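Take a look at the letters that make up each chain.
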Amino acid sequence: MMNLLLTFGEHPGWFFVVATLLPLLSFVLILLASALWCAGRAYRNTPGGAALFNLCGGEERGRTAAFVATGAIALAFVFSLVGCIRFSAQQHGFETAIKQHGKALHQIAAKIKETSGEAKEQLEAKARTEEEKLEDQEKRWADARKTNWQGHFDWLRISPKGIVDADSGTVLQLGFKIDSLSAIMFVMVTFIATLIHLFSIGYMSDELQPEVEDHQVHTAHGHLHRRGRFGRFFMYLSLFCFSMLNLVLADNLFQVFLSWELVGVCSYLLIGFYNERQSASNAANKAFITNRIGDAGFILGMLILWTHVGTFNMEELFQRVRAPLNDTHGAVEGVAGRIVRGNLDANNTTKAGQRFTIANDGSDVLLFPHRPSAHYHAIVPRVSDNPKPDQHGSMPYWMLVAAGLGIFLGCVGKSAQFPLQVWLPDAMEGPTPVSALIHAATMVAAGVYLVGRCYPLLTYDALLVIAYTGGITLFVAATIAVVMTDIKKVLAYSTVSQLGYMMLSLGVGGWVAGLFHLVTHAFFKALLFLGSGSVIHGCHHEQEMTKMGGLFPKMKITALTMLAGVLAICGIPLFTGWYSKDAILAQAFGFIYVHPQHLLLFLLPLATAGITAFYMSRMWLMTFTGKPRDEHVFDRAHESPWPMTVPLIVLGVCSVGIAWGWPVWDAEASFLEANVHHAQYPAILADFGHIDYSISEHHGEYWIAAKDEAQNERVFAYRNHHLAGNIAFVLVAIGIVFAGAIYWKRVLDPAEAKEQFPRLHAFLMDKWRFDRLYSVIFVRPCLTVGHWFAAFDLRAIDGVIHAVARSAMWVSKWDGLFDHYIIDGAVNLVGNTIYGMGARLRSVQTGFLRSYVLFLVLAAAGIFLALAYFVRMAMAG
Amino acid sequence: MDTLNDILFYVLMATTCICALAVVLTQNIVRAAAWLLFALAGVSGLFFLLGAEFVGSTQLLVYVGGTLVLVVFGVMLTAQGPFVNMRIGAAEWAIALAVGLVLYGVLSTSLIISNPPQSDVNRHVDATMPDSSVLGSSLLGQGQASPTGFLTGMPPAMRRERKPMAYLLPFEIVSVHLLVVLIGAAYLARAKRRRAV
Amino acid sequence: MTFAVGLNHFLLLGAFLFVCGAVCMATKRNAIGILMGVELVLNAATINFVAYAHYNPIFQVEGQVFALFVIVLAAAEAAIALAIVLNFYNNHTTVDVDTAEELKG
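Predicted model, so just to flag it, every value in this text is computed and none were measured. (Residues numbered from 1 in each chain as written. Chains lettered and ligands numbered in written order. Predicted model: local features only at pLDDT ≥ 70, side-chain atom pairs only at ≥ 80, totals over all residues. Heavy atoms only, no water.)

Engineer: For this particular structure, what's the right way to read the interface of chain C and chain B?
Structural biologist: Interface size is commonly expressed as the accessible area that is lost once the parts come together. Tallying the contact residues gives 75 residues for chain C and 93 residues for chain B. When the two sides are added together, the surface that chain C and chain B hide from each other amounts to roughly 7700 Å², 74% of it contributed by carbon and sulfur. Inspection of the region where chain C meets chain B yields zero salt bridges. Here chain C and chain B share eight residue pairs in polar contact (both at pLDDT 80 or more) between them. If you list the elements that add at least two residues to the side of chain C that touches chain B, you get α1 (7–27), α2 (31–55) and α3 (60–92) of chain C. In terms of residue count, α3(C) provides more of the side of chain C that touches chain B than any other element does, 24 residues in total. (Contact = heavy atoms within 4.5 Å. Buried area = accessible area lost by both parts, 1.4 Å probe. Salt bridge = Lys/Arg side-chain N within 4 Å of Asp/Glu carboxyl O. Polar contact = N/O pair within 3.5 Å; in protein donor to acceptor, adjacent residues only side chain to side chain. Helix = DSSP H or I, 4+ residues; strand = E, 2+ residues; numbered from the N terminus.)

Here it is in C-alpha cells:
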C-alpha cells in the first residue's frame, strides 16, 4: 500500500491511468455480473442456480449497476482532478520561472541593440547567464514531464524474430502522456460523465422494471414488451467513458485508433439502445457506417506515417516532422518548429545519403532525427533512405498532406463535419443522456481533440482544408437548426455547428481557442442536452417544440439552467461561450487579415454567431415562454426529480463560470484558456507567429519566431480581439431580439416566413438535401451493386453449387445401386446358398432316434469299407 | 478234443446267434430281455471256450448278473400295457433289415477278403491264454505281463517290436468313470420331489 | 487249447451280433429295446477282442483287458441309459423313442 502511494507520489501521471481504468473496471464488473445473472437464470430452478441468480440481482435487479458505474466515474473524476491540480501546480512553477528568465532575456536583448562597447559585452555576458538559467529550467521541466507524466510499455512487437531494437519502428506501444490539455480534458470528461451518469439514474428509471412497454414499437400483438435494460445502459456508458479517457490518455496514434474504434462501437450500441425501433437501429447503423468512412481515412493516414516516419508515438512523430526549436549555432533559425520542405538532389549522392536543398515549394519534407543532439551545426547534412533515429530522412510532401488529411477525415467522421455530418442528428434516437454524452464529452469531442493533438503533423494546406470544412459545417448546420422543431434535433445541429467553429479555429491557427471552445462547449452542451432530456422526461417523451410552450412555471429549474446554457452558447459576455467564441472569431479575424483571400473564413462564423443566437433563443423561447401550444402536454408536464435537476444546476453553474479568470470582464483573462495555452505546441507558434511579451501578460511565449509582425495572425488577432467580439455581439443581440419578437412576443409570425420562402424552408428542412444526395450517390449505387452481387451469388455461385450437388447425388445414386445389387447381392447370395443348404440338410434331422441309428450303421459300413480297402492297399503295397 | 471244441463252438454260436436274432425279432420287450439273457450267456460260454475264463466269468457276473438285471428292472418299471408291444411298420422293418444285411455283407466280405481262410491268423494256436493273475498284474501296472514280439496286423515295412505295456491308468480311469456314472445315474433316476407349497 | 475253428469264425459271429444289435436299435421303438441292441453291439466287440487275444499271442493280455473294460463300460452305460430312460418316462409317461423328436431340425 505504501509502495503504491509512493508510486503515485513520484509518478502522478498514474492518477490519470487509474482514472482511465476505473470505468473499464466498472464495465467488466457489470458484464461479469450480467453473465453470472444469465447463467444463474438458466438454472434458477436448482438451489445453486437460484442462489447465483438472486446474488446477481434476481428478477428485479435494482440500481446496483448504476451505482457501480457512477461510483467508478466519480472516483475517476476525483483522480483526474487530483492529477490535474498536481500537474498544473508543477507546470505553473516551472513556467513562471521560465517566463521570468525569458522576459529578462528579452529585455536584455532589447538593450543590447541600443548600447555598444563595453556595456554591450557586459550585457551579452548577462544574457548568456540568463540563457543558461533558462535552459536549465527548461531541461528540468522537460525531465519532470518525461519521468512524472509519461510512461509506456511495449504491447506488441512485430519486428522480425530476434530483433529487439525498440527504435526499429516495429513496436506497438500502450502509453500515456499528460499535458495540460489532456489533464483538462480528463477533468472535463469525467466531470460531465459523472453528472450524466447521475442524470441517467433518474432518466432511465423506466428501464428498471422487469418488463418495459415500448410505445414506439408496434408488433402484431400491440406495443413491444421487453425486459428492462438498466444495467446494460450503464455498462455501455462505462465502456464509452473508458474509451474516451483512453483516447485522451494515449501517447501514440495506434492507441488513439483503438479507443477511436471503441468509441465508435459504444456510440453504435447506445444510439441503437432501443434496437427494436427501426429508426434507432437505422440511426446506429448510419452513425457506424459514416464513421467507418472517416476511419478509413484515419487508417490511411496512420499507415502513411508508419511507412515514412516509422513510429506511432506522437512526440516522436512531431520531432521527426518539425524542425527542432533551438540550437546553439543558430542553424535552425528561420525554420525552427516548422515543416521543412525542399528537394532531394539525386545527382549529389554520397554514402551518407542524398543532399537535401531547402526550398519553400520543394516536393519533399525533411525528417529530423528523433534523438536530436543538442547542437545542430548545419540543419541538414545528408538524407538517408532508411534513416536511423539519429539521422535525417525525407518523405514526399504530398504524402504528409495526405496523412494529415487522412487523420482529419477520421475526425470529420467522429466530429460530424461537413461531408459526414449526417449521422449526428439521427443519433438523437438514443436515450437523451447518451446524446448528451456523445455531444458534450466524448465522441464528437474526440475528433476535435485528435486534430488538436496531431497539429504538428498538419501542413498549411491541410489546415486550410480543415478551416474551410469547419466553416462550411458551422454555417450549414446552423441554418438547418433554424427550422428544426424537434428540441433534440435543434441541439444536435447546434453541436455540429459549434464543432465547425472548433475545426475552423484549429484550421486558422487558433489552436488554443478551438480546444478552449471544446471544453466550454462540453459544459453548456451537456447542460442543454440534459435540460432537453429533463423537458422530454417532464413532457412524457414529447420532443416536438411545436407542442410545448409556457413551460417555465412548471419546470423552473430546468428552464433557468437551460437559459444559462443558451446564453453561454450565444456568447453573451461573462458566460463561458463568450470567452471561447470570441477567441475563435478573433483568430479568424487575424487569419483573414494576413490572408485576405480567405475572407469567407471570418464572415461565415460571424454570420453564424447571429444565427446561433437566433435559433438557440428560439428553442428556449418556444419551449418555456408564451402560451402553451398543446394543452394536453402542458397539463401533464412536471419538474424532474432531484437526480436530474442536481446535474442541471451543477452544469448551469459551470456554464456560467467555468471559463472565468481575473478580471472576469477581460475576455483574454480566462484561467481555463491560460491552462490550455500551456499545452500549445511550439509548431503553432512557428506556423502562425508569436505574441510579444510587451503585449501579452497572460501567456508565456518567449522563443524567437521567424515571422515579422506585419504577417503575424496572432498579434493581429490579439490586438483586435475585442473588435471581433463586439461585431459578433451585435449580431448575437440582433438574433436574440429577432427570436424574441417572433417566439416570445409573437409580433412576427414564423408561418409567414415559411410561406414567403417555401423552397428555402423545404431545402433547410431537408437538411440541405444531404441525405438525399448521399442516397443517390452512395446508398443506391451500393444497393444496386449489392443486388447485382446477390443475383450473381444466387444464380452463378448457387447454380454451380447446385450443379455440383446434383452430380454428386447422381453419382451416389449409381453408387447406391451398385452397393445394393452387386455387393449386397453377392453377400446375400452366399448367405442364401448356405441357408438353402441348411434348410435342405434340415430334413435329414428327423429327430427319430432310430433313423439316426440307421445312418450310423450306414456310415459305419462305409467307413469300414473304405478302411478295408486302404488297409488292403497298404498291405499289398 | 478238437472235435468237441468245434462242436461246442458251433452249439454256442448257434445259441448266441439265435438268441440275438430273437432279441431283434420279438415284439415283446419282456421276451426280448429273456432272449438277451441267453445271448449274453452264450457269449460268456464262447469266452470260456476261448480260454478267457476271467473275461467269461466277468461277463456272467457283470453282464448277466448286473447289467441285465438293470435292464430287466427298467423293463419292469416301464412295461405297462401299451409299451410292452410296440410295433413298427413293415417299411421300417424292410429298411432296417436291408441296412443290416448290407452291413453284414460288407463286414463279412471285407473280413474274409482281408483274412483269407488260409492266412496264418486262422491257424491253430497252441499257446494257453494267460490267467487272471497276469491280467491283474497288468492292470496293476506291470509292463512285463504282456508278451514281447513283433506287432502283427500291419504292413511288414511298418512292423516293429512292441514295448512293455501296463493298464493301470485306463483301469483307474474306468473305475472313476464308473463311480461318476453311478452317481449320475442315481441323480437322474431319483424320484422327483415336488416342492412343498 | 486248440481247435479247428479259426479267427474268422469268431469275427463272423461278432459281425453277426453287431448287425443284430444295430438292427435291434433301428427297429425297436421301446427305449429299453434300443438299450438291448447296444448291449448286443458291445458284446460283438467283446467277442472280437477276446478272439484276437486268443489267436494272436502278442495281444493276449490286451485283448482280455479291453474286453474287461468294455464289459465294465457297458455296465456303466446301461446304468446311465436306464436312468435316462426312467427320466424320459417320468417326463413323457412313455418310453417310445419316436415321441422324443425334439432334435428334429
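Still to come is the rest of the account.
Engineer: I would appreciate a short explanation of the interface of chain A and chain C in the present structure.
Structural biologist: If you look at the interface, chain A gives eleven residues, while chain C gives 14 residues. Interface of chain A and chain C: buried area, both sides summed, is about 1100 Å²; carbon and sulfur atoms make up 63% of it. In this structure, the connection of chain A to chain C is made through zero salt bridges. Linking chain A to chain C there are one residue pair in polar contact (both at pLDDT 80 or more). Ranked by the residues each element gives to the side of chain A that touches chain C, the list is headed by helix α30 (residues 849–876) of chain A, at six residues.

Engineer: Can you help me understand the packing of helix α15 (residues 460–483) of chain A against helix α28 (residues 758–765) of chain A in this one?
Structural biologist: Packed helices, taken two at a time, are described by the angle between their axes plus the distance between the axes. Residues and elements named next belong to chain A. At their nearest, the axes of α15 and α28 sit 8 Å apart, and the two run at 110° to each other. Here α15 lies roughly perpendicular to α28, going by the angle between them. The residues of α28 that touch α15, namely those facing Thr479, Ile480 and Val483, are His761, Leu764 and Met765. Along the lines of polarity and charge, the residues of the contact of α15 with α28 split into four nonpolar, two polar and no charged. (Axes fitted to C-alpha atoms, helices over the stretch in contact; angles between N-to-C directions. Parallel < 35°, antiparallel > 145°, perpendicular 65-115°, else oblique. Nonpolar A, V, L, I, M, F, W, Y, C, P; charged D, E, K, R; others polar.)

Engineer: When you look at the sheet that holds strand β7 (residues 364–367) of chain A in this model, what are you seeing that I'm missing?
Structural biologist: Working definition: the strands of a sheet are paired by backbone hydrogen bonds and lie parallel or antiparallel to each other. Residues and elements named next belong to chain A. The four strands are arranged β6-β5-β7-β8 in an open sheet whose pairing can be described as antiparallel. Since the sheet does not close on itself, it has two edges, and those belong to β6 (353–358) and β8 (393–396), each with one partner. Adjacent strand axes in the sheet meet at a mean angle of 50° when their direction is disregarded. Where strand β5 (residues 341–350) and β6 come together, six bridges link them in antiparallel fashion. Each bridged residue has a counterpart across the sheet, and for threonine 349 the counterpart in β6 is glutamine 354. (Pairing = 2+ DSSP bridges.)

Engineer: Would you mind going over the pairing of strand β2 (residues 171–177) of chain A with me for this structure?
Structural biologist: Side-chain direction in a regular strand flips from residue to residue, so the side chains alternate between the two faces of the sheet. Residues and elements named next belong to chain A. Of all seven residues in β2, five are buried, a share of seventy percent or more. The pairing of strand β1 (residues 150–157) with β2 spans seven bridges and is classified as antiparallel. Considered in β2, the bridge of leucine 156 is made with leucine 172. (Buried < 20%, exposed > 50% of the residue type's maximum accessible area, 1.4 Å probe, protein only.)

Engineer: I keep staring at the pairing of strand β3 (residues 211–219) of chain A and nothing clicks. Help me out?
Structural biologist: As defined by bridge partners, β3(A) adjoins strand β4 (residues 222–227) of chain A across six bridges and the pair is classed as antiparallel. Across the sheet, residue Val212(A) finds its bridge partner in β4(A), namely Arg226(A).

Engineer: Explain the nonpolar core to me, please; I cannot follow it from the model alone.
Structural biologist: If you look at soluble globular proteins, the nonpolar side chains tend to sit buried side by side. Ile192(A), Leu253(A), Trp423(A), Trp511(A) and Met619(A) are the most contacted members of the largest nonpolar core, which has 226 residues in total. Discounting chain neighbours no more than four positions away, the residues touching Met619(A) are Ile487(A), Val490(A), Leu491(A), Leu528(A), Met545(A), Met562(A) and Val566(A). Of all hydrophobic cores here, the second largest spans 82 residues; its members include Leu46(B), Val19(C), Tyr55(C) and Phe69(C). (Core = buried A, V, L, I, M, F, W, Y, C linked by side-chain atoms within 4.5 Å.)

Engineer: Is there a simple way to think about the pattern of salt bridges in this case?
Structural biologist: Two side chains that carry opposite charge are able to pair once their charged atoms sit near each other. Residue and element names in this part refer to chain A. Scanning the entire structure with this criterion turns up eleven salt bridges over all chains. Between aspartate 295 and arginine 292 there is a salt bridge, with the nearest N and O atoms lying 2.4 Å from each other. Pair noted here: aspartate 295 and arginine 292 are both in helix α9 (residues 278–308), with a separation of three residues, about one helical turn. Judged by its relative accessible area of 2%, aspartate 295 falls in the buried class.

Engineer: Got a minute to help me understand unusual backbone geometry in this structure?
Structural biologist: Across the chain, the bulk of peptide bonds are trans and the bulk of non-glycine residues have phi less than zero. Residues and elements named next belong to chain A. Positive phi values are uncommon outside glycine, yet alanine 416 reaches one of about 55°. Tracing the backbone shows alanine 416 in the loop between α11 (397–414) and α12 (423–426). The residue leucine 574 is not glycine, and still its phi comes out positive at about 80°. Take leucine 574: it is sitting in the loop between α18 (556–570) and α19 (576–594). Given a relative accessible area of 36%, leucine 574 falls into the partly exposed group.

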